[in-house]
Amino acid sequence: MLWLSELEDIAKNKLKLNEDLKNHTSWKIGGKATAIIEPQCVEVLLPILDFIAKNSIPYFILGGGTNLLVHDSGFDGIVISTKKLKKIDKISDTIFVFEAGVLVADILKITLCNGLSGWEHMVGIPGTLGGALVGNAGVNGYSAGNSVVWVERIEKNLSVKKLIDKDIKWAYRESIPLNDGSFITKACLKFTKSNKSTITENINFFKLKRSSQPKHGYSAGSVFKNANNREFAGFLLDKYGCKGLCCGNARISVDHANFILNDGNASSRDVWNLIQQCRNIVLYRHGKWLDLEVKLIGEPWT
Ligand SMILES: NC(=O)C1=CN([C@@H]2O[C@H](COP(=O)(O)OP(=O)(O)OC[C@H]3O[C@@H](n4cnc5c(N)ncnc54)[C@H](OP(=O)(O)O)[C@@H]3O)[C@@H](O)[C@H]2O)C=CC1
Ligand SMILES: C=C(O[C@H]1[C@H](O)[C@@H](CO)O[C@H](OP(=O)(O)OP(=O)(O)OC[C@H]2O[C@@H](n3ccc(=O)[nH]c3=O)[C@H](O)[C@@H]2O)[C@@H]1NC(C)=O)C(=O)O
């Protein structure tokens, strides 16, 4: 592929060819990507995205890889990882600008160190700020969107735009238009002054909400979205006997039925078969088709 060496020049750092995506996902599943790029700064992203668009090269944006099911056959295209986009600027005592690759957990550490409240509900949420904003990560009505002042992104037409909070529609696992495939580069977050003991108390409160989730094993968090506040996917899957179900080396956690664990050598096929089995059980017993929270990368999924 001729374009690979051209892209390497533009990316200004070595492209990693035939990169095993299982090393980049929390599920530890997935085949190889044609190449992965880890831009070191936002400035090199524009020419990369420009080249990719002009050459119609398939790509996807990789954050922490905590919400992805990557096909065993891999991804025929370029993976742009935000792993190295980690710049943090302190604007004032309560306002910070974080690049998209900053970990959700690192933001929590910073707020705690600075006596700032507003991010405690994000405790235990893996992945990056970019991923958290796209999926409006959070718990029971408290989400990443709550702290946003503005979000900067590179849109599909390659224009760089800043969206202020009121331009974004935050909903359960949704942030319109942040989830339209544009590249989130950074976000400005605002917190409120508090004291460390109150912040720690809040953190412990939200930690408790996650206590039924499996503590060990490779997973991607909740596999399915909740249909609404009364029809929790985990509850339905548990009610209809899915806990402990296995396909190859993938199994439904016995702690929480909305988690699929990779026992070590699970393939995407194992996980996919288990997903379809669970969906069919809930459809047959309850008349509802469960929507995926995890994103599928690669193909075919049949
Ligand atoms: N509550 C919990 O315990 C858990 C929550 N999660 C949720 O999943 C999120 C996943 O985050 P993360 O691991 O970083 O993401 P992932 O690497 O899993 O990426 C998921 C998708 O997010 C999009 N994305 C990621 N970064 C960006 C960006 N900078 N700009 C635009 N799109 C982006 C990509 O969409 P595209 O394919 O369109 O390129 C990608 O496919 C977590 O923050 C959380 O919201 C996950 C696991 C557990
Ligand atoms: C893990 C994720 O997010 C999690 C987040 O950590 C927690 C924090 O409380 O709330 C959501 O889980 P959840 O809806 O499954 O919350 P839980 O409180 O664990 O369960 C909801 C209800 O189902 C019941 N339940 C759950 C699992 C189970 O095996 N059996 C069962 O009966 C629980 O008793 C509870 O009454 C998020 N998941 C979704 C799909 O919205 C993720 O997004 O990856």
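Since the structure is predicted, the reported quantities are computational estimates derived from the model, not experimental observations.

With respect to the domain arrangement of the protein
- As assigned here, the protein comprises domain 1 (2–81), domain 2 (88–208) and domain 3 (233–297).
- Each of domain 1 and domain 3 was reduced to a C-alpha centroid, and the two centroids are 28 Å apart.
- On the domain 3 side, the residues contacting the eleven residues of domain 1 number 13 residues.
- Approximately 1200 Å² of surface area, both sides summed, lies buried where domain 1 meets domain 3, with 59% of it carried by carbon and sulfur atoms.
- On the domain 1 side of the contact with domain 3, Trp 27, Asn 67 and Leu 69 bury the most area, a combined 55% of that side's loss.

A look at the site of ligand 2
- With respect to spatial proximity, 21 residues lie near ligand 2, and among them Tyr 172, Arg 173, Asn 226, Asp 238 and Glu 293 are the closest.
- Arg 173 has a polar side-chain atom sitting 2.7 Å from an oxygen atom of ligand 2.
- Look at ligand 2: alone it shows 820 Å² of surface, and the protein chains cover 77% of it.
- It is helix H6 (residues 233–239) that provides the largest number of residues to the shell around ligand 2, a total of three residues.
- Class assignment of the residues belonging to the shell around ligand 2 gives a composition of seven nonpolar, eight polar and six charged.
- The two domains that each donate at least three residues to the shell around ligand 2 are domain 2 (88–208) and domain 3 (233–297).

Thresholds, definitions, all that
Residues numbered from 1 in each chain as written. Chains lettered and ligands numbered in written order. Predicted model: local features only at pLDDT ≥ 70, side-chain atom pairs only at ≥ 80, totals over all residues. Heavy atoms only, no water. Domains from an automatic or database assignment. Contact = heavy atoms within 4.5 Å. Buried area = accessible area lost by both parts, 1.4 Å probe. Near = heavy atom within 4 Å. Polar contact = N/O pair within 3.5 Å; in protein donor to acceptor, adjacent residues only side chain to side chain. Areas by Shrake-Rupley, 256 points an atom, 1.4 Å probe, with all protein chains shown as cover. Helix = DSSP H or I, 4+ residues; strand = E, 2+ residues; numbered from the N terminus. Nonpolar A, V, L, I, M, F, W, Y, C, P; charged D, E, K, R; others polar.

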